[in-house]
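# Survey of secondary and tertiary structure
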Amino acid sequence: MEGRAAALGAGTVLNALATGTGAAFGIDVETRAAVDLDPAADGVAGEIAEDPDADTDLIERCVSLATDRWGDGEGGTVRTDSDVPLAAGLKSSSAAANATVLATCDALGLVVGDGGRASDDAVGDDPDDPAVDVTRLEACRLGVRAAREVGVTVTGAFDDATASMLGGVTVTDNDADELRARETVDWDVLVWTPPERAYSADADVARCEAVAPMADLVTDLVLDGRYGEAMTVNGLAFSAALGFDADPAVEAMPHATAVSLSGTGPSVVAVADPADPETDLDAVADAWADRPGTLRRTTTRADGATVE
């Protein structure tokens, strides 16, 4: 009983730590999961290809919850490999959880959503479709539950999880695990990831809650569809709250549609509307070139996670 799936990394529009409302967008970097189920296996053994010593509790818990809910409690193995750097603010945990849950569903022979690929409508799932065994939002919520249970997230990160699972920009109530809005965006993306790592579970929640008035402003911008403005305001507010240098964002602003600290850092993500001649991510790359770490060019994606 084998299954495979892939889920997207994501960037932040609105960090949910301040108010519980969050927004994120899917980008074209992936985490892939391979699940091999064995009814005779005692438990689940996980492996993360990029770091054999990394904690595998999340992906193992995802398999266990999925087989308990939709299977017969099968054990087995799960292995992930990823283009998404760990603990860099690019939603590696959400991507790993989504890919693992979908791969487990695939191993169980279940049909997920619209065959695992989103349409351009609000979600791409029809819970009343008799051909669908599991909607992608159901799978997403299961991964969020696993993330909470193993302690890799403060808010549950439903915003990050939905952006990874569905693609596009998603706006969520992370306290209720509710999707408030989803919209397709078409942006070129530049990511700067410094060498250090920042774990979401270690974020200073009190400092983030102190910028709640700014987060409320960002929420208003997001719900008005002004994602670029929202993203930049979010980045400045949460860079200050979490102790990150705002200089990279300031350097990018003249050349980008938007720029923000992603998640709880340390990555900074700049986006550009390809139809806007005033944007120039090459200029942003030049400004960031001497900073330690890595630069990655990619794009947004609207199709979301896929069963392979």
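Our subject is the structure listed above.
Description of the structure in this document. Just so you know, these numbers come straight off a predicted model, no measurement behind them. All residue numbers refer to position in the chain's written sequence, counted from 1. This being a predicted model, a pLDDT of at least 70 is required before a residue's local features are given, and a value of 80 or more before pairs of side-chain atoms are given or counted; all residues contribute to the totals for chains, interfaces and linings. With hydrogens and water stripped out, all remaining heavy atoms of the structure feed into the side-chain values.

## Quick notes on the overall build of the protein
Check the secondary structure of the protein and you find nine helices and 11 strands. As defined in this context, the radius of gyration uses C-alpha atoms, and a globule is described by 2.2 Å times the residue total to the power 0.38. Since a compact globule built from 308 residues should have a radius of gyration of about 19 Å, the 18 Å found for the protein is in line with a globular shape. Taken along its principal axes, the extent of the C-alpha atoms in the protein is 60 × 40 × 35 Å. Note on exposure labels: buried denotes an accessible area under 20% of the residue type's maximum, exposed denotes more than 50%, and partly exposed covers the range between, all computed with a 1.4 Å probe on protein chains only. Of all 308 residues assigned to the protein, the portion counted as buried reaches 56%. Calculation of accessible area relied on Shrake-Rupley with a 1.4 Å probe; when residues are assessed, cover is drawn exclusively from the protein chains displayed. With an accessible surface of roughly 12,200 Å², the protein has 45% of that area assigned to carbon and sulfur atoms. Put simply, DSSP H or I for four residues or longer makes a helix, DSSP E for two residues or longer makes a strand, and each gets a number counted from the N terminus.

## Concerning the pattern of salt bridges
Salt-bridge detection follows one rule: a side-chain nitrogen of Lys or Arg within 4 Å of a carboxyl oxygen of Asp or Glu. In total, this model carries 16 salt bridges according to the counting rule given. One salt bridge connects E138 with R69, and the closest N-O pair in it is separated by 3.5 Å. With E138 in helix α3 (residues 136-150) and R69 in helix α1 (residues 57-70), this pair connects stretches of sequence that are 69 residues apart. According to the relative accessible area criterion, E138 is partly exposed, its value standing at 27%.

## Some words on the layout of surface pockets
Take a probe with the size of a water molecule and roll it over the atoms, and the empty space left behind shows itself. Using a grid of 1 Å spacing that covers the protein atoms alone, one calls a set of points a cavity when a 1.4 Å probe fits there but cannot get out, and a pocket when the set is open and has protein on both sides within 12 Å along at least five of seven lines; lining residues are those with an atom within 4 Å of a point. Grid points are joined across faces, edges and corners, and a volume is the space filled by probe spheres set on the points. Estimates place the volume of the largest pocket at around 910 Å³. Looking at the largest pocket, it is lined by 48 residues, and the ones nearest its centre are A87, S92, S93, V152 and S200. For the lining of the largest pocket, the elements supplying multiple residues, two or more each, are α1, β4 (75-82), α2 (92-107), α3 and α4 (158-166). The dominant element in the lining of the largest pocket, judged by the number of residues it contributes, is α2, at six residues.

## Focus on the packing of α1 against α3
A packed helix pair is summarised by two numbers, namely the angle formed by the two axes and the spacing between the axes. Fitting a line to C-alpha atoms yields each axis, with helices limited to the stretch in contact; the angle taken between N-to-C directions then spans 0 to 180 degrees. One can describe the packing of α1 onto α3 by two numbers: an axis separation of 9 Å at closest approach and a directional angle of 130 degrees. As the angle between them shows, α1 and α3 are arranged oblique. Classified by chirality, the crossing of α3 by α1 is right-handed. On α3, the residues touching D57, L58, R61, C62, L65, A66, R69 and W70 of α1 are E138, A139, L142, G143, R145, A146, A147, E149 and V150. Any angle between 65 and 115 degrees counts as roughly perpendicular, while under 35 counts as roughly parallel, over 145 as roughly antiparallel, and the rest as oblique. Note: crossing handedness is left-handed where the near helix turns anticlockwise from the far helix by less than a right angle, and right-handed where it turns clockwise. Any two residues having at least one pair of non-hydrogen atoms within 4.5 Å are treated as being in contact.

## Brief notes about the environment of A45
Residue placement: A45 occurs in strand β3 (residues 44-48). A45 sits in the partly exposed class, given a relative accessible area of 42%. For A45 and E209, which are 164 residues apart along the polypeptide, the C-alpha to C-alpha distance reads 37 Å. Apart from the residues lying within four places of it in its own chain, the contact partners of A45 are E60, G76, T77 and V78.

## Comments concerning the nonpolar core
Residues belong to a common nonpolar core when they are buried Ala, Val, Leu, Ile, Met, Phe, Trp, Tyr or Cys residues joined through side-chain atoms within 4.5 Å. Counting 40 residues, the largest nonpolar core has V35, W70, V101, L102 and M165 as the members making the most contacts within it. Those elements giving two or more residues to this core turn out to be β1 (2-14), β2 (21-38), β3, α1, α2, α3 and α4. The leading source of residues in this core is α2, at nine residues. Counting residues in hydrophobic clusters, the runner-up holds 35 residues, among them V218, A258, V269 and V271.

## Notes on the sheet that holds strand β8 (residues 258-261)
Ordered in space as β8-β9-β7-β10, the four strands form an open sheet in which the pairing is antiparallel. Two strands in the sheet have a free side with no partner beyond their single neighbour: β8 and β10 (294-299). Averaged over all neighbouring strand pairs, the angle between strand axes comes to 15 degrees, with direction disregarded. Each pair of strands is called paired provided DSSP finds at least two bridges between the two strands. As paired strands, β8 and strand β9 (residues 268-272) are joined by four bridges and run antiparallel to one another. When the sheet's bridge partners are listed, L261 is paired in β9 with V268. In the packing of helix α7 (residues 227-242) onto the sheet, contacts are made with β8 and β9, and the angle to β8 comes to roughly 30 degrees. Relative to the sheet, helix α9 (residues 281-288) contacts β7 (188-193), β8, β9 and β10, its axis offset from that of β7 by approximately 5 degrees.

## With respect to α1
Taking 1.5 Å per residue as the helical rise, α1 with its 14 residues ought to reach 20 Å, and the 20 Å between its terminal C-alpha atoms agrees with that figure. Counting buried positions along α1 gives 10 out of 14 residues, so the element sits mostly inside the fold. Taken as a whole, α1 has its buried residues at L58, I59, E60, C62, V63, S64, L65, A66, T67 and W70. Residues of α1 that are buried in the fold lie against β2, β3, β4, α2 and α3. Given the number of residues in a helix, its expected span is that number minus one, multiplied by 1.5 Å.

## Thoughts on the packing of aromatic side chains
The rule is short: rings of Phe, Tyr and Trp, with Trp giving its six-membered ring, pair when the centres are within 6.5 Å, and they are stacked under 30 degrees, edge-to-face over 60, tilted in between. Within this structure, the stated rule accounts for two aromatic pairs. Taken together, a centroid distance of 6.5 Å and an interplanar angle of 45 degrees make the contact between W192 and W288 tilted. Placement of W192 in strand β7 and of W288 in helix α9 is noted, with a sequence separation of 96 residues between them. Side by side, W192 and W288 carry an identical accessibility label, which is buried. For a ring to carry a charge above it, either NZ of a lysine or CZ of an arginine must fall within 6 Å of the ring centroid while also lying within 35 degrees of the normal to the ring plane. Between R291 and the ring centre of W192, over which it is positioned, the NZ or CZ distance is 5.6 Å.

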